[in-house]
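Structure assessment
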Amino acid sequence: MAADRNSKLIEQLESDWRDALCRKDMDRLQAMLHKDFVLIGTRATGPFIMTREEWLNAIQRREVDDITVKVQDATIFDNVAIGTVEARWRLKYLGRVVEDCVVLSDVWVKDDGRWQAIRRHSTPAPAGACMEQGE
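Attention in this report is confined to the structure presented alongside it. Just so you know, these numbers come straight off a predicted model, no measurement behind them. (Residues numbered from 1 in each chain as written. Predicted model: local features only at pLDDT ≥ 70, side-chain atom pairs only at ≥ 80, totals over all residues. Heavy atoms only, no water.)

Some details on the nonpolar core
Grouped together as the largest cluster of nonpolar side chains are 30 residues, with contacts concentrated most on Ile-10, Trp-17, Leu-29, Leu-33, Phe-37, Trp-55 and Trp-108. Among the elements that take part in this core, strand β4 (residues 80–93) stands out by supplying 6 residues, more than any other. Excluding residues that lie within four positions of it along the chain, Ile-10 makes contacts with Val-71, Ala-74, Ile-76, Ala-81, Ile-82, Gly-83 and Trp-108. (Core = buried A, V, L, I, M, F, W, Y, C linked by side-chain atoms within 4.5 Å. Buried < 20%, exposed > 50% of the residue type's maximum accessible area, 1.4 Å probe, protein only. Helix = DSSP H or I, 4+ residues; strand = E, 2+ residues; numbered from the N terminus. Contact = heavy atoms within 4.5 Å.)

A look at the side chain of His-34
You can see His-34 is positioned in strand β1 (residues 33–43). Under the relative-accessibility criterion, His-34 is labelled buried at 7%. One polar contact links His-34 to Asp-111, side chain to side chain, over a distance of 3.1 Å. What His-34 contacts, discounting residues up to four positions off in sequence, is Arg-52, Val-109, Asp-111, Gln-116, Ala-117 and Ile-118. (Polar contact = N/O pair within 3.5 Å; in protein donor to acceptor, adjacent residues only side chain to side chain.)

A look at the packing of aromatic side chains
One pass over the full model with this rule turns up 4 aromatic pairs. Ring centres of Trp-17 and Phe-37 lie 6.1 Å apart, and the angle between their planes is 75 degrees; this geometry places the pair in the edge-to-face category. Of the two residues, Trp-17 sits in helix α1 (residues 2–23) while Phe-37 sits in strand β1, which places them 20 residues apart along the sequence. For Trp-17, a relative accessible area of 2% corresponds to the buried category. Its relative accessible area of 2% is what places Phe-37 among the buried residues. Ring centres of Phe-37 and Trp-55 lie 6.0 Å apart, and the angle between their planes is 65 degrees; this geometry places the pair in the edge-to-face category. One end of the pair, Phe-37, is in strand β1; the other, Trp-55, is in helix α3 (residues 52–59), with 18 residues separating them in the sequence. (Phe/Tyr/Trp six-rings, centres within 6.5 Å; stacked < 30°, edge-to-face > 60°.)

As for α3
Regarding α3, the residues found buried are Arg-52, Trp-55, Leu-56, Ala-58 and Ile-59. Each buried residue of α3 lies within a common arc of 160 degrees when the element is viewed along its axis, so the set occupies one face. (Arc of directions from axis to C-beta.)

Remarks on the layout of surface pockets
In this structure, the largest pocket encloses a volume near 700 Å³. Lining the largest pocket are 28 residues, with Arg-43, Phe-48, Arg-62, Trp-89 and Asp-100 positioned closest to its centre. Of all the secondary-structure elements, those providing two or more residues to the lining of the largest pocket are α1, β1, β2 (46–51), α3, β3 (62–76), β4, β5 (96–111) and β6 (114–124). Partitioning the lining of the largest pocket into residue classes produces 18 nonpolar, 3 polar and 7 charged. (1 Å grid on protein atoms, 1.4 Å probe; cavity = no way out; pocket = protein on both sides within 12 Å on 5 of 7 lines; lining within 4 Å. Points joined across faces, edges and corners; volume = space filled by probe spheres on them. Nonpolar A, V, L, I, M, F, W, Y, C, P; charged D, E, K, R; others polar.)

Observations regarding the pattern of salt bridges
Pairs can form between side chains of opposite charge whenever their charged atoms are close. As enumerated under the stated definition, the model contains 9 salt bridges in all. Put simply, Arg-120 and Glu-14 hold a salt bridge, and the shortest N to O gap is 3.3 Å. A residue pair is termed long-range when its members are at least 10 positions apart, and Arg-120 in strand β6 and Glu-14 in helix α1 qualify at 106 residues. As far as burial versus exposure is concerned, Arg-120 and Glu-14 are alike and both buried. A salt bridge links Arg-28 to Asp-16; the shortest N-O distance between them is 3.8 Å. Remark: Asp-16 occurs in helix α1 and Arg-28 occurs in helix α2 (residues 26–32); sequence separation between them is 12 residues. According to the relative accessible area criterion, Asp-16 is partly exposed, its value standing at 23%. Within the structure, one salt-bridge network assembled from shared partners comprises Glu-14, Asp-106 and Arg-120. (Salt bridge = Lys/Arg side-chain N within 4 Å of Asp/Glu carboxyl O.)

Following this line, the structure appears as structure tokens:
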């Protein structure tokens, strides 16, 4: 089934990204992010945009405690993959503990024979929509 293959690819890409993030494997993260990667998001403080370099620099100042991801939807074309992902994380950033639950739209492109994230849109998950810890 195409839907199962789509989900498996996105689940693998998202798991690899999560694992590299938890290990703070900067070499792997740099390889996974396309040179034109941009994170676009909204938070209580308002909308924001981060370039690839800004995101990689911010990651180095975070201590990740836990990240859980759950693929909600996946669509694959020849060289483009789009995943809708529910994510919950707990981390320390700039001396404070941050817990968040978001819905991510990740766009992956196949460039030089490998999948790389080129866009991530992050928005707070609707109330009650995020998975419970341990799911």
